[in-house]
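# Structure at a glance
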Number of protein chains: 2
Amino acid sequence: MNQRKVSIKEIAELSGVSVATVSRVINNNGRFSEETRKKVLQVIKDTHYETNNIAKSLRMKKSNTIGILVPDISNSFFANVVQEIESILFKKGYSTIICNTDRNEEKEEAYLRMLEGKMIDGLIVISGVKEFGSTAINKKTPLICIDRKPKDTKSTILIESDHYQGGFLATEELISKGCHNIAIIIHRDFLSSSKERLLGYQNALKKYQIPFKEENVIHVTVEEKMSRTEAAKAALLQKISEGYQFDGVFALNDRLAIGAIHAILDLGKKVPEDIKVVGFDNDPISKYCYPCLTTIRQDNMLIAEQACENLLALIDGTRKDMKKHQVIPVTLVSRAST
Amino acid sequence: MNQRKVSIKEIAELSGVSVATVSRVINNNGRFSEETRKKVLQVIKDTHYETNNIAKSLRMKKSNTIGILVPDISNSFFANVVQEIESILFKKGYSTIICNTDRNEEKEEAYLRMLEGKMIDGLIVISGVKEFGSTAINKKTPLICIDRKPKDTKSTILIESDHYQGGFLATEELISKGCHNIAIIIHRDFLSSSKERLLGYQNALKKYQIPFKEENVIHVTVEEKMSRTEAAKAALLQKISEGYQFDGVFALNDRLAIGAIHAILDLGKKVPEDIKVVGFDNDPISKYCYPCLTTIRQDNMLIAEQACENLLALIDGTRKDMKKHQVIPVTLVSRAST
DNA sequence: TTGTATGCGTTATCAT
DNA sequence: ATGATAACGCATACAA
C-alpha cells in the first residue's frame, strides 16, 4: 500500500482511454459518454488520484495563487484582515501565500521575486514603509493596496480606512468629554495613515476652536527590544518631566495608548478622571486593559471583502470601472478611558 | 517598455547559446566558459529575467514550498509560532503557505488536497481537534506536528511545550501564595495539551497534599458569537451562584483567565487579595489587563526553530535518528494576579 | 565547453 | 465521442 503519486497518464491506461479524455472528464468540458465518465471517475477514486496543480499552472499560465505582503502578521489588525482575505479567497478556489516582510525592504523584494516565480495571479499589499512599486513584480499582475499608497496611483486600487475620520472622531470624543489640551502620540509619522489621523485631530480641534499646538505632538521611536507600549510610556514620562501638561491623549494605536495610560497611572493620576485617553485599532487588548480603552474600530471584514472582490474582478477582467481609492468608514468604540 | 514575461529560451537566443547552457549558467553547475557566463548574465540582467519556479518545480519534483496548518492565525500563540517558522524557512529558500483551518475538518481536508497538488516539500501541522492523519497528503511527505498528536506516533515527529509542567507550575504558584481551593477552567478538554495541563494541576495538588475535587473543574463551552472571555466569565458566575467557593483559579489560557478575573471583580472581590488567578500562553493581553496576569510562557521561538530544523532534515534526508517526541520547557511569568 | 533531445503532468487543438 | 500531439519553461543525460 505504498502511496505513490499517480498521474493522469496512468488513469488513462487503467481506464482504457486517452489522457485527453481523462482530462475532459476531470474538468467536465468537451464531450464524452456517460459510460467513460463513470469508468474514469471510478479509477480516479480507486487510485486516489489528485491533479498536479504545478503542471496545470504551467500549462494554463494560472496558478490560482495570490500573494499577500504584510509588515507583521502578529499585529492584530493585520492578522484579522489577512485571515479574512485568506478565508474568502480559499472559498473562491485560490490559495494564499502570506509574506511577512518585517518592514524590511530587501525581504520585500525577495518575496516579490519569489511570488513572481510562482506565477501568482494577483497580489495584495498591506501597509508598509513607502509607496509600493517594484520592478520585481510584473506590471500586469493584478494588484490591490491596503493602507499603502501605490506609486501608480491612477491605475491601481487603494483601499483604506477613513483614517482622517478616525482621528477626527477620537479627538472629538475627548473634546466632548471636556478636554482642552490634547496630546497626540505618533509612532510612524511617515505612514500616510498616520498623517491622515493627525489631520483629523487638527481639524477636530479647529472645529471646536481649540488652537493646535506643536508641543502637543509627541513622536515616539521604538528602539530594538522595546515594545511600542514601553516606548510610548517613556516618551510621555520624559515630556511630563519637562513640565508638559495636558488633559487628554489621542494615541495613534492601542499599544501606544496603553503606554500612555501606564505613564499617567504611574504619576498617581487617574484615567479618565484626570486625563482621558483614546487609542486606535480596537486591538483585543483595548477591551481587556485597565481601564478599558476607548478606541477607533476599523472595519477589517469590509476591507478584506472589498480587497478580494476587486482583486478577483481584476483577475477575471470583468469590470474595469472600479474606484481607484476606496475609503472605509471607521467607528468610535467608547469605553472607560474616556 | 511592456514588461512581458521572458523565458530561458529567449535568453538563449539573445545570448547566442543554447537553453542548456543558459540553464547551466543560472544554476552554476556543469561547465561553461567565463565568456558565455558573462554574456548570459548580462542578457538576464537586461531582460529582467526571473526563473519560472512553476516549471522548475515540475521538472525537479520539488516546489521549495512548505505548508502550515493552523486552527486560527489570529490567536497570539499561533501567530507568533507561524511568523517565526515562516521567517526561518524563508531564509532557507522556502516559501510557506499558511492554511487557516478554522478548526473545520472539511476545510482542513480541502487544504491538504490543495497543498498536495502544489507538490509541497513538507508540512507542519499546529494544534487541531483530533489526531492528525489524512489520506489527502502523501505518506512520504515530511511532516512535523506541533501540539497535535499524529496518528502515526512512531514515525512522525511531535513537538510540544511541556504542558504538564505548565499546569504544575501554575498550580504550585497558586499554592505557594496560600491557595487551598483552586478552580481549574478548561476549554477544549479533548486537546492533549489540555489533558496534560490538567494532569499537572492534579499532581501539583497531590504534591502539597491537597485533595483533588471534581467540583473544582469548570468546563466551558464557547457558543457562536461569544468570546472565550465572556464564556469563562459566564460559566464561573453560574457556578458561584450555585454556592461554589474557591480561593484560586488556574485557567487553561489567558483569555479564559481574564474572564475569570472579570467575574471575580464583578462580585466585588479583589484579585489577588481574595482570589488569585493564573493563565496560560503569555498572550499580550496578560501583560496589559488589570490586574496584570500571572501566566505560563511557551517558548515559541524554540518551538519554531526546532520544527524547522527537523523538517528540513527530513526533507534533505540527513539525520534519521531524530527524537519522535520533543518537549519544550515552559516558564512561569509572575505578575500582579497572584 | 556546448548543443540536442527528452520528460515532468496538464490542457487544448486538431484530427478522426 | 475520442485519440494523438504540441506546448507550457525548465533541467539533465547523452552526444559532439
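Keep in mind that this is a model prediction, so the values were computed, not measured. (Residues numbered from 1 in each chain as written. Chains lettered and ligands numbered in written order. Predicted model: local features only at pLDDT ≥ 70, side-chain atom pairs only at ≥ 80, totals over all residues. Heavy atoms only, no water.)

## Re the packing of helix H1 (residues 8-15) of chain B against helix H3 (residues 34-47) of chain B
Between two packed helices, what matters for the description is the angle formed by their axes and the separation of those axes. All names here are of chain B. Two numbers describe how H1 lies on H3: the axes approach to 9 Å, and their chain directions differ by 125°. By the angle between their axes, H1 is oblique relative to H3. The two elements H1 and H3 cross, and the hand of that crossing is right-handed. On the side of H1, the interface is formed by Ile11, Leu14 and Ser15, while H3 contributes Lys39, Val40, Val43, Ile44 and Thr47. Residues that form the contact of H1 with H3 fall into these classes: five nonpolar, two polar and one charged. (Axes fitted to C-alpha atoms, helices over the stretch in contact; angles between N-to-C directions. Helix = DSSP H or I, 4+ residues; strand = E, 2+ residues; numbered from the N terminus. Parallel < 35°, antiparallel > 145°, perpendicular 65-115°, else oblique. Left-handed = near helix turned anticlockwise from the far one by under 90°. Contact = heavy atoms within 4.5 Å. Nonpolar A, V, L, I, M, F, W, Y, C, P; charged D, E, K, R; others polar.)

## Points about unusual backbone geometry
With an omega of 5°, the peptide bond between Val271 of chain A and Pro272 of chain A qualifies as cis. The step from Tyr290 of chain A to Pro291 of chain A runs through a cis peptide bond, and the omega angle for that step is -10°. With respect to the helices and strands, Pro291 of chain A occurs in the loop between helix H11 (284-288) and strand S10 (295-297). For Asn282 of chain B, which is not a glycine, the phi torsion comes out positive at approximately 55°. Mapped onto the fold, Asn282 of chain B is located in the loop between strand S9 (276-278) and helix H11 (284-288). Since its relative accessible area comes to 24%, Asn282 of chain B is described here as partly exposed. (Buried < 20%, exposed > 50% of the residue type's maximum accessible area, 1.4 Å probe, protein only.)

## A few points about the pairing of strand S11 (residues 325-328) of chain B
All names here are of chain B. The alternating pattern of S11 places Gln326 and Ile328 on a buried face and His325 and Val327 on a face that is not buried. The pairing of strand S5 (residues 157-161) with S11 spans four bridges and is parallel. Within S11, the residue paired with Leu158 across the bridge is His325. (Pairing = 2+ DSSP bridges.)

## What to know about the nonpolar core
Grouped together as the largest cluster of nonpolar side chains are 69 residues, with contacts concentrated most on Val249 of chain A together with Val249 and Phe250 of chain B. Core analysis: the second largest hydrophobic core is formed by 57 residues, Ile157 of chain A together with Ile66, Ile303 and Cys308 of chain B among them. (Core = buried A, V, L, I, M, F, W, Y, C linked by side-chain atoms within 4.5 Å.)

## With respect to the protein's contact with DNA strand C
Taken together, the neighbourhood of DNA strand C is formed by 27 residues, with Ile8, Tyr49 and Arg59 of chain A together with Arg31 and Arg59 of chain B sitting nearest. Atoms of DNA strand C within 4 Å of the protein: sugar and phosphate make up 69%, bases the balance. One of the side-chain nitrogen or oxygen atoms of Ser23 of chain A is found 2.9 Å away from a phosphate oxygen of DNA strand C. One nitrogen or oxygen atom from the main chain of Asn52 of chain A is found 3.1 Å from a phosphate oxygen belonging to DNA strand C. (Near = heavy atom within 4 Å. Polar contact = N/O pair within 3.5 Å; in protein donor to acceptor, adjacent residues only side chain to side chain.)

## Considering the pattern of salt bridges
All names here are of chain B. In the structure shown here, the tally under the stated rule is 23 salt bridges over all chains. Ionic pairing is found between Asp102 and Lys107, a salt bridge with its closest N-O pair at 3.7 Å. Exposure remark for Lys107: the relative accessible area of 12% places this residue in the buried category. The partner of Asp152 in a salt bridge is Lys154, and the shortest N-O contact between them spans 4.0 Å. (Salt bridge = Lys/Arg side-chain N within 4 Å of Asp/Glu carboxyl O.)

## Quick notes on the state of the cysteines
According to the stated counting rule, one finds zero disulfides over all chains in the structure shown. No disulfide involves Cys292 of chain A; its nearest neighbouring cysteine sulfur is the one of Cys289 of chain A, lying 5.9 Å away. The exposure class assigned to Cys292 of chain A is partly exposed, which follows from its relative accessible area of 26%. In this model Cys99 of chain B remains outside any disulfide bridge; the closest cysteine sulfur is found in Cys99 of chain A, 13 Å from its own. Classification of Cys99 of chain B as buried rests on a relative accessible area of 0%. (Disulfide = S-S within 2.5 Å.)

## Let's talk about the domain arrangement of chain A
When its domains are assigned, chain A resolves into domain 1 (8-51), domain 2 (65-162 + 300-329) and domain 3 (163-297). Taking the mean C-alpha position of each, domain 1 of chain A and domain 2 of chain A sit 37 Å from one another. (Domains from an automatic or database assignment.)

## Some thoughts on the sheet that holds strand S4 (residues 143-146) of chain B
Residues and elements named next belong to chain B. Strand order across the open sheet formed by six strands is S2-S1-S3-S4-S5-S11, with parallel pairing between neighbours. Taken across any chain shown, the strands that pair with only one partner, and hence form the sheet edges, are strand S2 (95-100) and S11. Taken over all neighbouring pairs, the strand axes of this sheet differ in orientation by 20° on average, direction set aside. Where strand S1 (residues 65-70) lies against strand S3 (residues 122-126), four bridges are found, and the strand directions are parallel. Looking at S3, one finds that Gly67 is bridged to Leu123.

## With respect to the sheet that holds strand S7 (residues 217-219) of chain B
Two orientations exist for strands paired in a sheet by backbone hydrogen bonds: parallel and antiparallel. Residues and elements named next belong to chain B. Taken together, four strands build an open sheet; the order of strands is S7-S6-S8-S9 and the sheet is parallel. Because the sheet does not close on itself, it has two edges, and the strands there are S7 and S9. Recorded for the sheet is a direction-independent mean angle of 20° between the axes of neighbouring strands. Bridging between strand S6 (residues 182-186) and strand S8 (residues 248-251) involves four bridges; their strand directions are parallel. Along S8, the bridge assignment pairs Ile182 with Gly248.

## Some points on helix H2 (residues 19-27) of chain B
All names here are of chain B. Thr21, Val22 and Val25 are the residues of H2 that are buried. Looking straight down H2, one finds that the buried residues subtend no more than 100° of arc, so they occupy a single side. Looking at the buried residues of H2, the elements they touch are H1 and H3. Immediately beyond the C-terminal end of H2, within one or two residues, lies Asn28, with a positive phi of roughly 55°. (Arc of directions from axis to C-beta.)

## Describing the protein's contact with DNA strand D
Looking at DNA strand D, there are 28 residues lining it, with Arg31 and Ser33 of chain A together with Ile8, Tyr49 and Arg59 of chain B nearest. Separating a phosphate oxygen of DNA strand D from a side-chain N or O atom of Thr21 of chain A is a distance of 2.7 Å. One of the backbone nitrogen or oxygen atoms of Asn52 of chain B is found 3.1 Å away from a phosphate oxygen of DNA strand D. Mapped onto the surface near DNA strand D, the elements with two or more residues apiece are helix H2 (19-27) and helix H4 (53-60) of chain A together with H2 and helix H4 (53-60) of chain B. Of the residues contributing to the surface near DNA strand D, the split by class is 10 nonpolar, 11 polar and seven charged.

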